[in-house]
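An overview of the molecular structure
These are the residues of each chain, in order.
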Amino acid sequence: MKGIILAGGKGTRLYPSTISISKQLLSVYDKPMIYYPLSTLMLAGIRDILIISTEEALPQFQTLLEDGSWLGVKFTYACQNQPRGLADAFLVGESFLGTDSVCLILGDNIFYGNGLSQMLMCAAEENQGATIFGCYVSNPSDFGVVEYDTDGNVLSLEEKPQNPKSNYAVPGLYFYDNTVVGIAKQIQPSSRGELEITAVNNVYFAQNRLKVLPMRRGIAWLDTGTHRTMLKAANFVETIQSRQGLYISCIEEIAWHKGFITLEQLLERGKILKNSDYGAYLLRLGQIFKKQNGSERYEST
């Protein structure tokens, strides 16, 4: 399975902060926003990742992430200059995907919680059809809403309904088999002139090939599309990290736990970033695990 991070758009809701920089390069507390969706793909075991952004922003992403070898992954970059909809990611990434299945994640979505990695791995192992997620929210009318039965079969999909049939919103994280490319080619642009991801999901639904995984109560889904939600997300990350002493979405830590990089590579990365709290955290992790021969492990999120 391959991964796509859609990090395009103009970020106009964050103006003037995003006039000269992609919003996915802004910091959410102590790390670039793109680290959070990237960590989600890595927790799913995905190592071949396409980053889609604007022509102006791509060089900045390449400076930040390079080819991914330092992280034990491979990054490819592609341009989407106009916001043509989420489903356009499959057309932009057609040659990248080849015959592989794909996980698409939006560049401004943050997921965190116990059991997240296992849930993602379960979705990644599904080779047929599509898997979306359901996150319980108090205001479902503000989101795409999914209704499903006890077996995870989708009963209905609605976009911002006035009278929602459930409280489960569909976050910006989707797993598809390779037929998604052909489906994306066939759907028609919406009234906004965009290829909507809901249209793709509705095709899978009509074919009885759409499943939903409800996110357990302890998993948080945070959006960072506005200044207010970015501040809330930053406060959430700071609170967890300060209380536990463990970092959220530390991509180097996840890479080490997944076996993408060695302990020596983790320590080397810590040395490069040693003047920051983030780098000090990597060095501390490496020293602890080196002393204990890696016997004490915990889930990275």
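The rules we used
- Note on numbering: residues in each chain are counted from 1, in written sequence order.
- Restriction of local features to residues with pLDDT of at least 70 applies here, the model being predicted, together with a cutoff of 80 or more for giving and counting side-chain atom pairs; totals for whole chains, interfaces and linings are based on all residues.
- To obtain the side-chain values, all non-hydrogen atoms of the structure were used and water was disregarded.
- By definition, any uninterrupted DSSP run of H or I lasting at least four residues is a helix, any uninterrupted run of E lasting at least two residues is a strand, and each is numbered from the N terminus.
- Every helix has an expected span of 1.5 Å times one less than the residues it contains.
- Burial classification: accessible surface area is computed with a 1.4 Å probe over protein chains only, and a residue below 20% of its type maximum counts as buried, one above 50% as exposed, and the rest as partly exposed.
- The arc in question is the one traced by the directions running from the helix axis out to the C-beta atoms.
- Any two residues whose heavy atoms approach within 4.5 Å at even a single point are treated as in contact.
- In this analysis, the protein atoms alone were mapped onto a 1 Å grid. Cavities are point sets where a 1.4 Å probe fits without being able to get out; pockets are open sets with protein on both sides within 12 Å along at least five of seven lines; lining residues have an atom within 4 Å of a point.
- Grid points are joined across faces, edges and corners, and a volume is the space filled by probe spheres set on the points.
- Lys, Arg, Asp and Glu make up the charged group, whereas Ala, Val, Leu, Ile, Met, Phe, Trp, Tyr, Cys and Pro make up the nonpolar group; the residues left over, Gly among them, are polar.
- What we call a nonpolar core is a set of buried Ala, Val, Leu, Ile, Met, Phe, Trp, Tyr and Cys residues that are connected through their side-chain atoms within 4.5 Å.
- Within this document, salt bridges are pairs made up of a side-chain nitrogen of Lys or Arg and a carboxyl oxygen of Asp or Glu, the two lying within 4 Å of each other.
- Within a predicted model, pLDDT stands for the predictor's per-residue confidence, ranging from 0 to 100.

Here helix 8 (residues 227-244) is 18 residues long and its end C-alpha atoms lie 26 Å apart, about the 26 Å a rise of 1.5 Å per residue gives. Listing the buried residues of helix 8 in full gives Met230, Ala233, Ala234, Val237, Ile240 and Gln241. Down the axis of helix 8, the buried side of the element spans an arc of 135°, and every buried residue falls inside it. Exposed residues pointing more than 90 degrees away from the buried face of helix 8 are listed as Arg228, Leu231, Lys232, Ser242 and Arg243. If you follow the buried residues of helix 8, they end up packed against strand 2 (27-28), strand 3 (31-32), helix 1 (35-43), strand 7 (109-112) and strand 14 (220-223). Residue Gly245 follows helix 8 closely and has a positive phi angle near 80°.

This next bit is on empty space enclosed by the protein. Evaluation of the coordinates by the stated rule reveals one cavity of 30 Å³ or more. One number sums up the size of the largest cavity: a volume of about 40 Å³. What lines the largest cavity is simply Met1, Ser101, Ala123, Glu126, Gln128, Gly129, Ala130, Thr131, Phe175, Tyr176 and Asp177. When residues of the lining of the largest cavity are traced back to their parent elements, those giving at least two are strand 8 (130-136) and strand 12 (173-176). Within the lining of the largest cavity, the residues separate by chemical class into five nonpolar, four polar and two charged.

Bringing the environment of Lys232 into the picture now. Among the secondary structure elements, Lys232 is positioned in helix 8. Lys232 sits in the exposed class, given a relative accessible area of 56%. A sequence separation of 18 residues divides Lys232 from Pro214, and the C-alpha atoms of the two residues are 23 Å apart.

With that out of the way, let us pick up the nonpolar core. Among the nonpolar cores identified, the biggest contains 56 residues, and Leu38, Leu65, Leu71, Phe75, Leu173 and Phe175 are the most heavily contacted of them. The leading source of residues in this core is helix 11 (residues 277-291), at six residues. With sequence-adjacent residues up to four places away left out, Phe175 is seen in contact with Met1, Ala44, Val102, Cys103, Leu120, Ala123, Ala124, Gly129, Ala130, Thr131 and Phe133. Within the second largest apolar cluster, 32 residues are counted, among which are Leu6, Val146, Val154 and Val200.

This brings us to the pattern of salt bridges. Oppositely charged side chains can pair when the atoms bearing their charge come close. Summed over the entire model, instances satisfying the criterion amount to 10 salt bridges. Between Lys31 and Asp30 there is a salt bridge, with the nearest N and O atoms lying 2.7 Å from each other. Its relative accessible area of 27% is what places Asp30 among the partly exposed residues. Between Arg209 and Asp177 there is a salt bridge, with its nearest N and O atoms 2.8 Å apart. Of this pair, Arg209 sits in the loop between helix 7 (197-206) and strand 13 (210-214) while Asp177 sits in the loop between strand 12 and helix 6 (180-186); the two residues are 32 residues apart in sequence, bridging distant segments of the chain.

Here we come to the layout of surface pockets. Left-over empty space is what a probe sized like a water molecule reveals as it rolls over the atoms. Its volume calculated, the largest pocket comes out at about 1,300 Å³. Counting only elements with at least two residues in the lining of the largest pocket, the list comes to strand 9 (144-148), strand 10 (154-159), helix 7 and strand 14. Residues belonging to the lining of the largest pocket are distributed by class as follows: 13 nonpolar, 17 polar and 13 charged. Counted as a void, the second largest pocket has a volume near 430 Å³. In this structure, the second largest pocket is lined by 18 residues; those nearest its centre are Cys135, Tyr136, Val137, Trp221 and Leu222. Of all the secondary structure elements, the ones that give two or more residues to the lining of the second largest pocket are strand 8, strand 14 and helix 8.

Following the sequence through the fold, Thr131 ends up in strand 8. Residue contacts for Thr131: discarding those within four places in its chain leaves Ala123, Glu126, Tyr174, Phe175, Lys211 and Leu213.

Buried within helix 2 (residues 58-65) we find Leu58, Phe61 and Leu65. Along the axis of helix 2, the buried residues cluster in a sector spanning 60°; they form a single face. Looking at the buried positions of helix 2, the neighbouring elements they touch are helix 1, strand 4 (48-53) and strand 5 (74-79). Looking one or two places after helix 2, you find Glu66, whose phi comes out positive at around 55°.

Atomic detail in the predicted coordinates should be set aside for any region of low pLDDT. Residue-level pLDDT values for the chain average 92, and 96% of them are 70 or greater. At the low end of the mean pLDDT range in the chain sits helix 11, at 87; at the high end sits strand 4, at 98. Below pLDDT 50 for its whole length, residues 294-298 participates in 11 contacts with residues either more than four positions away or in separate chains.

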